[in-house]
Amino acid sequence: MKEYFLDPFKPNFSNFIEQLMQLNDNVKQYIRNDVARVPSSIEENYATLLSKEELSEQGEDLDAIYSKLAYYSQGLIRWNHPGALINVNPPASIPSTAVSSYFSLFSPNGAQDMSTGYLLTTELAVVKMLSQLADIDYKQSGGYFTFGGKSTNIHAIKHGLQRISKDYGTNGIRDDVVTFSSTQGHPCHAEACNWLGIGDKNCIRISTNKMGEINLEELENSMSAALEQGKKVACITLNGGTTIQMTIDPIKKVVDIRDRLVKKYELEYIPRIHIDSVIGWVWLFFKNYDFATNPLNFSGKALQKLQRQMKRISEIRYADSFGVDFHKTGFAPYLSSVYITKDKSELFDQNHYKGISYDELEYGNYSPFQYTLELSRPLNGALAAYVNLKSFGIQGFQKIIGGLMDASEYLKDLLTDTKRFEIINNEDSDGFVTLFVAKEDMNSPSFFDLGELQADAIEQFGQYNYKFYLFLLEKQKKGECWFSIDYSTGYHRLSNGKKLGVLKAYPMTPYFDKQAVEKLTEDIVRFQQEFDKVKETFVVKEVPHKPRPFVYR
Ligand SMILES: *Cc1c(COP(=O)(O)O)cnc(C)c1O
């Protein structure tokens, strides 16, 4: 079996490279460079596929296994392709993937530093760099990599519980505890309460304004009411960039409300304020961008949005903690999430571990497993994040994110010019996602007037748009459509209070440039003309995956 392991005496890394090449030789046979999704001819359901999967006695040939993996890569989305427009799923950069894979050969366990050489320095360095970006004191702050944005939110609430009572960890939660988030907050803000034994119904969701920002008055009233009932507030989780609308809540104003209520109710603890900035942290890269001279030449509208987002997220320094997903807007492979807290001592359950000061950390005493949720810990996330931060630099991130903002504004303009598509998030999002609807003809009502219409007219509008989505899916399956957009409930409600499914273009790759936008517009218009000819009788037959259901609810 030695052939499967690196020879310690004569390490031959070309074995590793060769296997990567061998895998690639297999996978690339399925890839079509011009389309985002790897074409698929698999028709079987999982039960049928699994009926052919058995553990073998002798072990199988690697080539056969790699060929099987290649077979399973059918349907895979290639996120580096400009036609991959489905979700916040970035292409992983080559250096971050190389470093993450290479060091896997050495199995560095981030539980403690003793066996990982100084590689855990990368984790500490990323925490330092992010603290500096956020304008918080990196000698006082602390953080670590964990298993996802969801985990960063779990950590925040756990550390909020510790503020209420340092004995909760030992004795269990002895109070009636609530947390706050907004109706636009990610579902995991409540799921975290579920996992922590608080209960997801005790995550109180506050309504938002048109920009998706938390309603401050309602938050203050709701918090006051909870406190008056003797409840304890473990955490206020604010949005630092929601997934689609990319809303950033008014952080400083919420901190002021919290501070006022601490005084008013003479609280013995300070309710934690955590920013779920797993997506929106990336606007911190613009804090020193010269918006007046605009050296990277972003277009007017993109520039204004960038500046507004930068101003909002720069208030992150007033919060107690925040989360960053490098596997989202950091272009690292999964998983690469960091949780950062302004006061490092809050990372620890003080009944069990006191922590070590910044200047006393030295090789041999850095042992994150003593306080992280994980015991064994992968270093891949830290290594990947480190390499991207160092190699892109501030300007690299500005170019990618600014580029996505620029291209998206261009897409909105071009789609609007066609008069057959209506952009529905022009006014209420400063992000780079485009939400739009296909209109049956130029005189179809505006999406925003639909709420006033009869139910069947709304249904017809929605069905036209939905069937066009199915039509595009079928085109993908046939290999005739290079892009994959999504069908989404979005965040808009019609004036009748209902939600209608819309189309979503979520670009994440630097290859989504102006040229790609022009081709996308041209082709989507052409596909719509084709669809119009068959729309009365169109029934979808072939699809690359089970389609999303029609939404009008
Ligand atoms: C993706 C996302 C999460 C969850 O993060 P994971 O890394 O998927 O666990 C939480 N909040 C927001 C705003 C997100 O976009």
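Residues numbered from 1 in each chain as written. Predicted model: local features only at pLDDT ≥ 70, side-chain atom pairs only at ≥ 80, totals over all residues. Heavy atoms only, no water.

Peer 1: Got a minute to help me understand the site of the ligand in this structure?
Peer 2: Of all residues adjacent to the ligand, which total 13 residues, the nearest are Gly 149, Asp 276, Asp 325, His 327 and Lys 328. Take Thr 243: an N or O atom from its side chain is 2.9 Å from an oxygen atom of the ligand. A distance of 2.8 Å separates an oxygen atom of the ligand from a polar side-chain atom of His 327. Across the complex, the protein chains shield 84% of the 380 Å² of accessible surface that the ligand would expose by itself. Split into classes, the residues belonging to the shell around the ligand amount to three nonpolar, six polar and four charged. (Near = heavy atom within 4 Å. Polar contact = N/O pair within 3.5 Å; in protein donor to acceptor, adjacent residues only side chain to side chain. Areas by Shrake-Rupley, 256 points an atom, 1.4 Å probe, with all protein chains shown as cover. Nonpolar A, V, L, I, M, F, W, Y, C, P; charged D, E, K, R; others polar.)

Peer 1: How do you make sense of unusual backbone geometry when you look at a structure like this?
Peer 2: At the junction of Tyr 334 and Leu 335, the peptide bond is cis and its omega measures out at -20 degrees in the coordinates. By the secondary structure assignment, Leu 335 is in the loop between strand 7 (321-325) and strand 8 (337-341). Here Asp 135, not a glycine, exhibits a phi torsion of approximately 60 degrees, which is positive. Structurally, Asp 135 can be placed in the loop between helix 5 (121-133) and strand 2 (142-146). Non-glycine residue Asn 297 carries a positive phi angle of around 60 degrees. Relative to the helices and strands, Asn 297 is located in the loop between strand 6 (272-276) and helix 11 (300-313). Since its relative accessible area comes to 63%, Asn 297 is described here as exposed. (Helix = DSSP H or I, 4+ residues; strand = E, 2+ residues; numbered from the N terminus. Buried < 20%, exposed > 50% of the residue type's maximum accessible area, 1.4 Å probe, protein only.)

Peer 1: Would you explain the side chain of Thr 372 in this entry?
Peer 2: By the secondary structure assignment, Thr 372 is in the loop between strand 8 and helix 12 (380-417). Of the residues examined, Thr 372 reaches a relative accessible area of 10% and is grouped as buried. Reaching out from Thr 372, the side chain makes a polar contact with the backbone oxygen of Glu 374 at a distance of 2.8 Å.

Peer 1: Teacher, can you tell me more about the side chain of Gln 309 here?
Peer 2: Counting through the fold element by element, Gln 309 comes out in helix 11. On the accessibility criterion, Gln 309 (1% relative accessible area) is buried. With near-sequence residues (within four places) excluded, Gln 309 lies in contact with Met 246, Ile 248, Trp 283 and Asp 430. (Contact = heavy atoms within 4.5 Å.)

Peer 1: It is not clear to me how the nonpolar core should be interpreted in this structure. Could you clarify?
Peer 2: Generally speaking, nonpolar side chains in soluble globular proteins are found buried as a group. Within the largest apolar cluster, 141 residues are counted, with the highest numbers of intra-cluster contacts made by Trp 283, Phe 286, Phe 326, Phe 468 and Phe 483. With 14 residues, helix 12 is the largest single contributor of residues to this core. Aside from chain neighbours lying at most four places away, what touches Phe 286 is Phe 291, Phe 298, Leu 306, Met 310, Gln 398, Ile 401 and Gly 402. In this structure, Ala 36, Ile 77, Trp 79 and Ile 86 belong to the second largest nonpolar core, which totals five residues. (Core = buried A, V, L, I, M, F, W, Y, C linked by side-chain atoms within 4.5 Å.)

Peer 1: Looking at this model, I keep getting lost on the packing of aromatic side chains. Mind explaining?
Peer 2: The geometry of two aromatic rings is summed up by the distance between their centres and the angle between their planes. This structure, assessed with the given rule, holds 38 aromatic pairs. On the basis of an interplanar angle of 45 degrees and a centroid distance of 6.1 Å, the ring pair of Tyr 144 and Tyr 339 is categorised as tilted. Of the two residues, Tyr 144 is situated in strand 2 and Tyr 339 in strand 8; the sequence distance between them amounts to 195 residues. You'll find Tyr 144 and Tyr 339 in the same group, each marked buried. Here the aromatic rings of Phe 432 and Tyr 506 are separated by 6.2 Å at their centres, their planes lie at 85 degrees, and the arrangement is edge-to-face. (Phe/Tyr/Trp six-rings, centres within 6.5 Å; stacked < 30°, edge-to-face > 60°.)

Peer 1: I'm lost on the sheet that holds strand 2 in this one. Help?
Peer 2: What holds strands together in a sheet is hydrogen bonding between their backbones, with the strands either parallel or antiparallel. A sheet is described by the order of its strands in space; here seven strands give the open sequence 2-8-7-6-5-3-4, paired in mixed fashion. The open sheet terminates on both sides in strands that have one partner only, identified here as strand 2 and strand 4 (203-206). Looking at each pair of strands side by side, their axes are set apart by 20 degrees on average, direction ignored. The sheet contact formed by strand 5 (residues 232-239) and strand 6 spans five bridges and is parallel. Within the sheet, the bridge partner assigned to Ile 236 lies in strand 6 and is Ile 273. (Pairing = 2+ DSSP bridges. Axes fitted to C-alpha atoms, helices over the stretch in contact; angles between N-to-C directions.)

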